[in-house]
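# Observations on the three-dimensional arrangement
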Amino acid sequence: MPPFRSPMAIDAFAPAKINLTLHVTGERADGYHLLDSLVAFADVGDRISLRPSAALSLQVTGPEAAGVPVDDSNLALKAARFFGAGGGAIALEKNLPAAAGIGGGSSDAAAVLRAFSDMTGREIPAGASALGADVPVCLRAGAVRMAGIGDLLSPVPPLPPLWCVLVNPRLVVATPDVFRALAQKANPPMPEAIPAFATAPALGAWLKGQRNDLEHTAIRLQPRIAVVLNTLATLPGAMLHRMSGSGATCFALFADDAAARAAATRLSHEFPGWWVRAAALS
Ligand SMILES: C[C@](O)(CO)[C@H](O)COP(=O)(O)OP(=O)(O)OC[C@H]1O[C@@H](n2ccc(N)nc2=O)[C@H](O)[C@@H]1O
Ligand SMILES: Nc1ncnc2c1ncn2[C@@H]1O[C@H](COP(=O)(O)OP(=O)(O)OP(=O)(O)O)[C@@H](O)[C@H]1O
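The rules behind each value
Counting restarts for each chain, with residues numbered from 1 along the sequence as it is written. Chain letters start at A and ligand numbers start at 1, both assigned in the order the entries are written. At least 70 in pLDDT is required for a residue's local features to be given in this predicted model, at least 80 for side-chain atom pairs to be given and counted, and no such filter applies to totals for whole chains, interfaces and linings, which use all residues. Values shown for side chains rest on all heavy atoms present in the structure; no hydrogens or waters enter the calculation. Within this scheme, the nonpolar core is defined by two criteria: the residues are buried Ala, Val, Leu, Ile, Met, Phe, Trp, Tyr or Cys, and they are joined through side-chain atoms within 4.5 Å. Residue exposure (1.4 Å probe, protein chains only): buried if accessible area is under 20% of the type maximum, exposed if over 50%, otherwise partly exposed. Each helix is a run of H or I in the DSSP string that is no shorter than four residues. Each strand is a run of E no shorter than two, and both are numbered from the N terminus. The domain limits used here are those given by an automatic or database domain assignment. Residue contacts follow a heavy-atom distance rule, with two residues in contact if any of their heavy atoms lie within 4.5 Å. Residues are labelled near a given molecule or strand when at least one of their non-hydrogen atoms is within 4 Å of it. Polar contacts, as counted here, are pairs of nitrogen or oxygen atoms within 3.5 Å of one another; within protein the pair requires one atom able to donate a hydrogen and one able to accept it, and residues that are adjacent in sequence qualify only if both atoms are side-chain atoms. Areas reported as accessible are Shrake-Rupley estimates using a 1.4 Å probe. Residue values count occlusion only from the protein chains shown. Only Asp, Glu, Lys and Arg are considered charged in this grouping, and only Ala, Val, Leu, Ile, Met, Phe, Trp, Tyr, Cys and Pro are considered nonpolar; every other residue, Gly among them, is considered polar. Two parts placed together each lose some accessible area under a 1.4 Å probe, and adding up what both lose gives the buried area. We define a salt bridge as a side-chain nitrogen of Lys or Arg found within 4 Å of a carboxyl oxygen belonging to Asp or Glu. Note on geometry: axes are C-alpha line fits, over the in-contact stretch for helices, and angles between N-to-C directions span 0 to 180 degrees. Each angle gets one of four labels, with under 35 degrees taken as roughly parallel, over 145 as roughly antiparallel, 65 to 115 as roughly perpendicular, and the rest as oblique. Working rule for handedness: look at the near helix, and if it is turned counterclockwise from the far one by less than a right angle, call the crossing left-handed; if clockwise, right-handed. Pairing of aromatic side chains requires ring centres within 6.5 Å, counting the rings of Phe and Tyr and the six-membered ring of Trp. Pairs whose planes differ by under 30 degrees are stacked, by over 60 edge-to-face, and all others tilted. Charge-over-ring placement is defined geometrically: NZ (Lys) or CZ (Arg) within 6 Å of the ring centre, and within 35 degrees of the ring normal.

Take the nonpolar core next. In this structure, Val165, Val167, Leu214, Ile225, Leu232 and Phe254 are the most contacted members of the largest nonpolar core, which totals 36 residues. When residues of this core are traced back to their parent elements, those giving at least two are strand E3 (33-51), helix H3 (135-140), strand E6 (144-148), strand E8 (162-168), helix H4 (175-181), helix H7 (224-233), strand E10 (250-254) and helix H8 (257-270). Each of domain 1 (10-148) and domain 2 (157-281) gives at least three residues to this core. Residue contacts for isoleucine 225: discarding those within four places in its chain leaves Leu171, Val173, Ala218, Ile219, Met243, Ala248 and Cys250. Val156, Leu162, Trp206 and Leu240 belong to the second-largest nonpolar core, a separate cluster that totals 29 residues.

The structure is reproduced here in structure tokens:
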């Protein structure tokens, strides 16, 4: 690997990934599923700091660090190895719950790849999807349409100003379990063209006609996800409520920041055991 270009630590943000839609359109012979998803990113997420160091190391801290692996199975270390990094001290601040459908590990991997690229001046090698299906979209870290098994990205018109409340009821849902239990694998994709939306309500109305095809199955595995969705439906100003990824994190969308923050405050009081965040999406 080339020497470190920067003697300083490099910081990288690993935003939460939100599947505004998640259509499952088929299954490949290798068991991976074909997706059609409109993905956005929140301004809440994990934080990575990369310091030059002869040896490769990982330290995990933060409010959501408990249970996150610190060995070679951590996606941050896998990403460093994929980059070809011989050394580098990675500090990962975990703010996102793990196994939560918001791409925590994949976004960490993408942030580590970005940090090594910044530090060395070398491009991120092709094929990062080998680290995880969500890694390519997390490298983009902005609204995009994701197809194939997560590897085909196509641009979408910029989203209108948009806010959300993210809720994780502290239920772990393993992505492979949800795909395995999915009964209907071939569902219609989104329309060929995703229109430009001038306002959040216009986007919200369009999203209502789209789906997360994993939602019913995830609820079957973890029935309390339905409680979260029903609760989100009652929030003043909520335009749409849906599950992200394979769950269990769900989101409600809002046209303004104040309504999202008020909703998050209310939910945090009513459900102190839930992970609740208000965030802007882009
Ligand atoms: C469901 C999504 O969250 C939508 O954004 C992602 O596609 C999942 O991305 P991820 O967690 O990075 O996925 P990976 O770690 O690559 O795969 C975890 C498991 O999910 C299933 N999987 C994942 C992606 C995909 N297109 N089809 C699948 O069937 C496979 O069983 C796989 O073993
Ligand atoms: N950096 C990491 N952060 C969180 N989990 C990690 C990390 N590295 C490895 N893992 C492992 O990956 C598993 C899935 O965690 P992750 O947070 O990526 O799931 P997810 O949010 O459901 O992902 P997706 O939305 O991409 O399906 C965890 O159970 C954990 O054991």
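What follows is about the site of ligand 1. Ligand 1 sits among 16 residues. The nearest are Lys17, Asn19, His33, Ala133 and Asp134. One nitrogen or oxygen atom from the side chain of tyrosine 32 is found 3.4 Å from an oxygen atom belonging to ligand 1. In the environment of ligand 1, an oxygen atom lies 2.8 Å from a nitrogen or oxygen atom belonging to the side chain of aspartate 134. Contact with the protein chains hides 81% of the accessible area of ligand 1, taken as 640 Å² for the molecule alone. The dominant element in the shell around ligand 1, judged by the number of residues it contributes, is H4, at 3 residues. Classifying every residue of the shell around ligand 1 by side-chain character gives 7 nonpolar, 7 polar and 2 charged. Here the shell around ligand 1 spans two domains, and each of domain 1 (10-148) and domain 2 (157-281) adds at least three residues to it.

This next bit is on the domain arrangement of the chain. The assigned domain composition of the chain is domain 1 (10-148) and domain 2 (157-281). The C-alpha centroid of domain 2 is placed 21 Å from the C-alpha centroid of domain 1. Contacts between the two partners involve 32 residues from domain 1 and, on the opposite side, 41 residues from domain 2. Approximately 2800 Å² of surface area, both sides summed, lies buried where domain 1 meets domain 2, with 63% of it carried by carbon and sulfur atoms. At the junction of domain 1 with domain 2, the criterion picks out 2 salt bridges. There are 21 residue pairs in polar contact (both at pLDDT 80 or more) connecting domain 1 and domain 2. At 10 residues, the largest contribution of residues to the side of domain 1 that touches domain 2 is made by E3. Each residue belonging to the side of domain 1 that touches domain 2 can be placed in one class, and the counts come to 17 nonpolar, 9 polar and 6 charged.

Turning our attention to the site of ligand 2. Near ligand 2 lie 20 residues; those nearest to it are Leu75, Lys94, Gly105, Asp108 and Asp134. Within the contact set of ligand 2, a nitrogen atom lies 2.8 Å away from a side-chain nitrogen or oxygen of lysine 94. Glycine 105 is positioned with one of its backbone polar atoms (N or O) 2.9 Å from an oxygen atom of ligand 2. When the free accessible area of ligand 2 is taken as 620 Å², the share hidden by the protein chains comes to 79%. Class assignment for the residues of the shell around ligand 2 results in 8 nonpolar, 8 polar and 4 charged.

The next subject is the packing of helix H1 (residues 75-83) against helix H2 (residues 104-120). Following both chains from N to C, one finds H1 and H2 inclined at 40°, their axes separated by 8 Å at the closest point. Comparing the axis directions of H1 and H2 gives the class oblique. With respect to the hand of their crossing, H1 and H2 are arranged in right-handed fashion. Counting all contacts with H1, which are made through Leu75, Ala76, Ala79, Ala80, Phe82 and Phe83, the residues of H2 involved are Gly105, Ser106, Ala109, Val112, Leu113, Phe116, Ser117 and Thr120. Looking at the contact of H1 with H2 residue by residue, the class counts come to 10 nonpolar, 4 polar and no charged.

Here we take up the packing of aromatic side chains. Within the structure shown, the criterion is met by 3 aromatic pairs. For the ring pair phenylalanine 83 and phenylalanine 116, a centre distance of 5.7 Å and an interplane angle of 25° mean the geometry is stacked. Separated by 33 residues along the polypeptide, phenylalanine 83 in helix H1 and phenylalanine 116 in helix H2 bring together distant segments of the chain. Accessibility assignment for this pair places phenylalanine 83 and phenylalanine 116 in one class, buried. It is arginine 122 that lies over the ring of phenylalanine 83; its NZ or CZ is 4.3 Å from the centre.

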